[in-house]
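What the coordinates show
One-letter residues, chain by chain:
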Amino acid sequence: MNQQPSPARTATVYERQRQLLITALRSRGIQDDLVLAAMNSIPRELFVPPAMMGRAYEDSALPIDNRQTISQPYTVALMTQELQVRSGMKVLEIGTGSGYQAAVLAQLGANVVSIERHPLLSKKARALLDQLGYAVTCRVGDGTIGYRDGEPYDGIIVTAGAPDVPEPLARQLAIGGVLVVPVGPRDQQVLYRVTRTGQETWKAEERGPCKFVPLIGRSGWDESAG
Ligand code: SAM
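Presented here is a report on the structure given in the accompanying data block. (Residues numbered from 1 in each chain as written. Predicted model: local features only at pLDDT ≥ 70, side-chain atom pairs only at ≥ 80, totals over all residues. Heavy atoms only, no water.)

**Side note on the pairing of strand β4 (residues 111–116)**
Within β4, five of the six residues are buried, which leaves the element mostly enclosed by the surrounding structure. What joins strand β3 (residues 90–94) to β4 is helix α4 (residues 100–107), and the crossover it makes is right-handed. (Buried < 20%, exposed > 50% of the residue type's maximum accessible area, 1.4 Å probe, protein only. Helix = DSSP H or I, 4+ residues; strand = E, 2+ residues; numbered from the N terminus. Right-handed = clockwise from strand over helix to strand, strands pointing away.)

Here you go:
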């Protein structure tokens, strides 16, 4: 007798788990209904390795290829909420990873450019985002220097931990644009929301502790960091 659950039953199980996760995110303080709705519509199980699919709706970071991680759902929700993404916004993401954060931004209607330093991750993320119908521009390179072709950006989100706010990114923001970036030592950072208030002025606000893999590059950590 076939003991495998049917695909339809599996999909229902994931849907139920996804709804429970959304409820948990709301009770942890995520208030932006658009962000929660976007996350409720994206199959996170497809963004994790097959062996991890059963854990896709835990509120935790999970390992992906190249010793990197797909970020914790709470962190994705918080960073997206801080960015105040609205339809038509031009958003640059540094650290494509699995592509999940890029999917959330695209689902919210942003025009997304996402940079990843590992070609394999970028290739896999691009294939999955294409398959799901998200028109995200994926590029391989050092995201700490930004992506000049698309500047200025209404929002920039850095999904790896930086030693300092990368200046090239702050300078690629439009006036009024927001940069969300984890900053601090390699093992623990503080999430910052940096708003460009003028040609040469920025306002930085702390948004609480967080923990990310290191941002490696010219305006990040040395390669030896991981
Ligand atoms: N946003 C991803 C997701 O939704 O799965 C999670 C990103 S993971 C926590 C951080 C990613 O940043 C890794 O894939 C890592 O390779 C990438 N990264 C680190 N330094 C980078 C750099 N200078 N430029 C581009 N990507 C970088």
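**Focus on the site of the ligand**
As a matter of local geometry, the ligand sits amid 28 residues, with Gly95, Ser98, Glu116, Gly143 and Ile216 nearest to it. Measuring from an oxygen atom of the ligand, one finds a side-chain N or O atom of Ser98 at 2.6 Å. Within the side chain of Asp142, an N or O atom sits 3.0 Å from a nitrogen atom of the ligand. Look at the ligand: alone it shows 600 Å² of surface, and the protein chains cover 99% of it. Among the cavities detected, the one that contains the ligand is the largest cavity. Taken together, the elements giving at least two residues each to the shell around the ligand come down to β2 (69–70), β3, α4 and β4. By residue class, the composition of the shell around the ligand is 10 nonpolar, 14 polar and four charged. (Near = heavy atom within 4 Å. Polar contact = N/O pair within 3.5 Å; in protein donor to acceptor, adjacent residues only side chain to side chain. Areas by Shrake-Rupley, 256 points an atom, 1.4 Å probe, with all protein chains shown as cover. 1 Å grid on protein atoms, 1.4 Å probe; cavity = no way out; pocket = protein on both sides within 12 Å on 5 of 7 lines; lining within 4 Å. Sits in = over half its atoms within 2 Å of the grid points. Nonpolar A, V, L, I, M, F, W, Y, C, P; charged D, E, K, R; others polar.)

**Examining the nonpolar core**
Within soluble globular proteins, side chains that are nonpolar generally end up buried alongside one another. One finds Leu25 and Met39 to be the most contacted residues of the largest nonpolar core, which totals 48 residues. Where this core is concerned, the elements lending two or more residues are α1 (7–27), α2 (33–40), α3 (73–83), α4, α5 (119–132) and β7 (173–183). If we skip the residues at most four places from it in the chain, Met39 touches Arg18, Ile22, Leu25, Pro73, Val76, Ala77, Tyr100 and Val104. Judged by nonpolar contacts, the second largest core, of 18 residues, contains Ile115, Ile156, Val181 and Leu215. (Core = buried A, V, L, I, M, F, W, Y, C linked by side-chain atoms within 4.5 Å. Contact = heavy atoms within 4.5 Å.)

**A look at the environment of Thr137**
Relative to the assigned elements, Thr137 resides in strand β5 (residues 137–140). Relative accessible area serves as the criterion here: at 30%, Thr137 is assigned to the partly exposed category. Along the chain, Thr137 and Pro73 lie 64 residues apart, while their C-alpha atoms are 22 Å from each other.

**Looking at the packing of aromatic side chains**
Under the criterion given, the structure shown has two aromatic pairs. Here the aromatic rings of Tyr14 and Tyr57 are separated by 6.2 Å at their centres, their planes lie at 50°, and the arrangement is tilted. With Tyr14 in helix α1 and Tyr57 in the loop between α2 and β1 (62–63), this pair connects stretches of sequence that are 43 residues apart. Its end group placed over the ring of Tyr100, Arg44 keeps NZ or CZ at 5.7 Å from the ring centre. Over the aromatic face of Tyr153 sits the side chain of Lys90, whose NZ or CZ is 6.0 Å from the ring centroid. (Phe/Tyr/Trp six-rings, centres within 6.5 Å; stacked < 30°, edge-to-face > 60°. Lys NZ or Arg CZ within 6 Å of the ring centre and 35° of its normal.)

**Focus: the environment of Leu34**
Mapping Leu34 onto the fold places it in helix α2. Here the alpha-carbon distance between Leu34 and Thr80, two residues 46 residues apart in the chain, equals 10.0 Å. With residues up to four places along the chain from it excluded, the contact list for Leu34 reads Arg86 and Leu108.

**Points about the packing of α1 against α2**
The interhelical angle for the contact between α1 and α2, taken along N-to-C directions, is 160°, at an axis separation of 10 Å. It follows that α1 is roughly antiparallel to α2 by the angle criterion. Of the two possible hands of crossing, α1 and α2 adopt the one that is right-handed. Residue-level inspection shows Arg18, Gln19, Ile22, Leu25 and Arg26 of α1 in contact with α2, the latter providing Asp33, Leu36, Met39 and Asn40. Here the contact of α1 with α2 is composed, by residue class, of four nonpolar, two polar and three charged. (Axes fitted to C-alpha atoms, helices over the stretch in contact; angles between N-to-C directions. Parallel < 35°, antiparallel > 145°, perpendicular 65-115°, else oblique. Left-handed = near helix turned anticlockwise from the far one by under 90°.)

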